Amino acid sequence: MNAVRSKSSNDPISYDAAAVLATGGIHQADVDDLAGPLSKAREESLNDLERWRTDGAGNESLDPAFLDLPERLLADYGTRRPESELFSILQTARRLREAVDRVVVLGIGGSYMGTRALFESCCHPFHNELSRGERGGRPRLSFEGFNIDNDSAQGLLDVLRSPPGGGDGDDLLAQWAMLVVSKSGGTLETAAATRFFLNALSDSLKGDAKQVAERVVPVTGASGKLASLAKTLGCPDVFGIPNGVGGRFSVFTAVGLLPASLVGIDVVRLLEGAAAMTQRFRESPVSENPVLQYVAVCHLAEKKMGATIRVLSSWSNQLESVGLWYDQLLSESLGKDEKGATPLTTVTTRDLHSRGQQHQDGRRDKLITNLCVGESRRDHIGLPPLSGSSGNEDQLDDLIGTTWPSMLAAATEGTNEAYASVKRPTATIHLPQIDEFTIGQLLQMLMLATVVEGRLVGTNPYGQPGVEAYKKFMMKRLRPDG
Ligand code: PA5
C-alpha cells in the first residue's frame, strides 16, 4: 500500500454464516453432517499436491502447486535470499521503478486479474493520478491485452506518448516499460497487444534494441512463443510461471508479485497472509475452518435453497477487482459438465441502486456473501455543515458529525436486516482492514475453497477445456485456410 500506509495487522479474516442459518433454509445439522465429506475433500485437495509431485497425476489436468507456494517462496527467500525467486522479483521491480514512470501489464484472464485485484485493493485508490513524488517514486500501472478493443489500445498509446504531468523525450516521466504475462505464451489477445506496444516502445526508445529488451519483462511458461520472443529480444529479466500453477491460481507467482512490488505493495506480507490461511486450512477443525465453512454454506445453499447465483457483495470500492478475480476463479474452475454456481460481484451501496430490488424481491436463487472491512485506512470523514447556507435545505443537519464509516455500517446493517426480513441468505467474510496481510489471506481462502468444492462435488477444478471452443472458431475465421 503506498502513499497512505496503515499499520499492517496480524488479524485473521473470518467467515460468519449465522444469517444464512437463521433463514431456516439450511440447518446447523446439515453443516455438521457435511464435516466428513469436507474433511475428505480437504484431504483430496492436499493429496493432489502429492500426486502431482510424485507422478504428475497421469492424464488428469492438475495445478495444485499454488497450495503451498506462498510458504515455499517465503522459506526460499529466508534461506537463499540472493538466489531466491522473490529476491529476483524485488530486484527487477526496483530496476524498473527507477527507470520508468509507467508500466503496462499485458495479459488476460488469470494473467492479469489477480494483479488488478492486488493493485486496486492495496494501493491508493487514485494511484495513477498522483504525482511521482506522491506515489513514492513508484510507477503508474496500466492494463491492456485483456481484450481486442481498438480504441482502448489507441487510447493507452495516446497516454504513453503524452504522459500526464508532463515529461517528454528522455525525461523519466515519459519512460515506460511493459510486462507481458502469458503462461501459454500463445494467447492471441496478449500476443497482438505485445506486437502493438512493442512497436511503440521501440519508437519511444528510437529503436535502441538493448534498451527495448530491458524494458520488456516477460512472465511465461518455460517454453512457448513468448519465451522464444524473450530470447530473441534478449530480455535480461524473464520470469517463469511454475509448473503446477494454473493461470487463475498464479497471483502469488511473478504474475502478481512483480507488478505488485513495482507499485509498492509489500509482497512479503501478502505471502505471509496467504501462508497463514493455508495453515488454518490444513490445521483447523472443520467447524472452525473458514475455508471449509465457506464451502459448506455455499454448497448447501445451492443444493437445499436453489442458490445457484453467488453474489460477492463488496462493501468497499477497493475490493471490486477482488470480486472480478473471484468471478473468473469460480467460473473457470467449477463451471463444467453443466454444473457450477454462477458468481456475481457487486459493490454496495452502489449496486443497491441497480440490483438491490432484485436481490430483495426477485427470484430466490442467490446467496449473498458480504465482503466487509472493519477499519478504513484514512481519517474518518464527518458530515460537515452545509457550505454556503444555514437553511438546512438537504435536511441533514441532524446528522452533522456522523462519520462515513458509521453511515456505511448503518447501510450494511440495514441491508442485512432487509434481506433477513424476507429470508434471503446472507453470509459475511470479515476483513479487519484492507492491507497486504488480509488480502493475502482472502485470495488464498477463495482459491482453497474453490478446489475443495471441486473435490466435494466431483469436478476437477483445474484446467478450462471449455475456453478452447471460442479460440478454435475465432482462429478458423482468421485463418480460413490454416
Ligand atoms: O486460468 C487460466 O488458466 C486462464 O484464465 C488463463 O489465465 C488465460 O486464458 C490466459 O492464458 P495465458 O496466460 O496462457 O495467456
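Residues numbered from 1 in each chain as written. Predicted model: local features only at pLDDT ≥ 70, side-chain atom pairs only at ≥ 80, totals over all residues. Heavy atoms only, no water.

Chemist: Describe the packing of aromatic side chains, listing the residues and the values that go with them.
Modeler: Following the criterion strictly, the structure yields 7 aromatic pairs and no others. Here the guanidinium or amino end of R81 rests over the ring plane of Y77, the centre of that ring lying 4.0 Å away. When the ring centre of F146 is taken as reference, the NZ or CZ atom of R116 above it lies at 5.7 Å. (Phe/Tyr/Trp six-rings, centres within 6.5 Å; stacked < 30°, edge-to-face > 60°. Lys NZ or Arg CZ within 6 Å of the ring centre and 35° of its normal.)

Chemist: Account for the sheet that holds strand β4 (residues 176–182), naming residues and giving values.
Modeler: One open sheet holds the 5 strands; their spatial order is β3-β2-β4-β5-β6, and the pairing between them is parallel. The sheet terminates laterally at β3 (140–144) and β6 (239–240), the two strands that pair on one side only. For strand β2 (residues 102–106) and β3, the ladder comprises 5 bridges, and the chain directions are parallel. Bridged to R102 within β3 is R140. (Pairing = 2+ DSSP bridges. Helix = DSSP H or I, 4+ residues; strand = E, 2+ residues; numbered from the N terminus.)

Chemist: I'd like a description of helix α13 (residues 290–305), backed by residues and values.
Modeler: With 16 residues, α13 extends 21 Å between its outermost C-alpha atoms, agreeing within 8% with the 22 Å of an ideal straight helix rising 1.5 Å per residue. Remark: G306 follows α13 within two positions and exhibits a positive phi of approximately 70°. (Expected span 1.5 Å × (residues − 1).)

Chemist: Pulling in residues and values, what's your account of the sheet that holds strand β7 (residues 309–314)?
Modeler: Here 5 strands make up an open sheet; going across it, the order is β1-β10-β9-β7-β8 and the pairing mixed. At either margin of the open sheet sits one strand with a lone partner, and together these are β1 (14–16) and β8 (342–347). In this sheet, neighbouring strand axes are inclined to one another by 20° on average, regardless of whether the strands run parallel or antiparallel. As defined by bridge partners, strand β9 (residues 366–375) adjoins strand β10 (residues 426–433) across 7 bridges and the pair is classed as parallel. Bridge pairing links I368 to T426 in β10. (Axes fitted to C-alpha atoms, helices over the stretch in contact; angles between N-to-C directions.)

Chemist: Now, about helix α8 (residues 188–204): what can you tell me, with residues and values included?
Modeler: Compared with the 24 Å implied by 1.5 Å per residue over 17 residues, the 24 Å span of α8 between its first and last C-alpha is a close match. Buried within α8 we find E189, T190, A193, T194, F197, L198, A200 and L201. The buried residues of α8 all sit within an arc of 170° when viewed along its axis, so they share a single face. Of the exposed residues in α8, the ones pointing more than 90 degrees away from its buried face are R195, N199 and D203. Following α8 by one or two positions, K206 has its phi on the positive side, about 50°. (Buried < 20%, exposed > 50% of the residue type's maximum accessible area, 1.4 Å probe, protein only. Arc of directions from axis to C-beta.)

Chemist: Give me the packing of helix α3 (residues 35–55) against helix α17 (residues 436–457): which residues, what numbers.
Modeler: Direction vectors running N to C along α3 and α17 enclose 110°, while the axes themselves pass 8 Å from each other. Considering their axes alone, α3 and α17 lie roughly perpendicular with respect to each other. Taken as a pair, α3 and α17 cross one another with a handedness that is right-handed. The segment α3 lies against α17, with P37, L38, A41, R42, E44, S45, D48 and R51 engaging V451, V452, R455 and L456. For the contact of α3 with α17, the class distribution of residues is 6 nonpolar, 1 polar and 5 charged. (Parallel < 35°, antiparallel > 145°, perpendicular 65-115°, else oblique. Left-handed = near helix turned anticlockwise from the far one by under 90°. Contact = heavy atoms within 4.5 Å. Nonpolar A, V, L, I, M, F, W, Y, C, P; charged D, E, K, R; others polar.)

Chemist: Explain unusual backbone geometry to me, and be specific about the residues and the numbers.
Modeler: Here the residue pair T348 and T349 is connected by a cis peptide bond, since its omega of 10° sits within 30 degrees of zero. Relative to the assigned elements, T349 resides in the loop between β8 and α15 (356–361). For E338, which is not glycine, the phi dihedral falls at a positive 60°. Looking at the secondary structure, you find E338 in the loop between α14 (320–334) and β8. Of note, K423 is a non-glycine position whose phi angle comes to about 55°, a positive value.

Chemist: Break down the site of the ligand for me, with residues and values.
Modeler: Of all residues adjacent to the ligand, which total 13 residues, the nearest are S111, S182, S184, T187 and Q328. Burial of the ligand by the protein chains amounts to 90% of its free accessible area of 390 Å². A class-by-class count of the residues in the shell around the ligand yields 1 nonpolar, 9 polar and 3 charged. (Near = heavy atom within 4 Å. Areas by Shrake-Rupley, 256 points an atom, 1.4 Å probe, with all protein chains shown as cover.)

Chemist: Break down the pairing of β8 for me, citing the residues and quoting the values.
Modeler: Sheet analysis places β7 next to β8, joined by 6 bridges and oriented parallel. Within the sheet, the bridge partner assigned to V311 lies in β8 and is L344. Crossover handedness for the path β7 to α14 to β8: right-handed. (Right-handed = clockwise from strand over helix to strand, strands pointing away.)

Chemist: Let's hear about the nonpolar core: which residues, and what values?
Modeler: Counting 99 residues, the largest nonpolar core has L179, F252, L257, Y294, W325, I429 and I439 as its most contacted members. With 11 residues, the single largest contributor to this core is α17. Dropping the residues within four chain positions of it, L179 is found in contact with L96, V103, V104, V105, L106, V217, L258, P259 and L262. If you look at the next biggest cluster of nonpolar residues, it comprises 20 residues, including V104, L160, A200 and L201. (Core = buried A, V, L, I, M, F, W, Y, C linked by side-chain atoms within 4.5 Å.)

Chemist: Quick rundown of the pattern of salt bridges? Include the residues and the values.
Modeler: Two side chains that carry opposite charge are able to pair once their charged atoms sit near each other. Applying the stated criterion across every chain yields a total of 21 salt bridges. Linking R140 and D101 is a salt bridge whose minimum nitrogen-to-oxygen distance equals 2.8 Å. Of this pair, R140 sits in strand β3 while D101 sits in the loop between α5 (85–99) and β2, and the two are 39 residues apart along the sequence. A salt bridge links E214 to K210, with the shortest nitrogen-to-oxygen separation between them at 2.9 Å. Taken together, the residues span about one helical turn, with E214 and K210 both in helix α9 (residues 209–215) at a distance of 4 residues. (Salt bridge = Lys/Arg side-chain N within 4 Å of Asp/Glu carboxyl O.)

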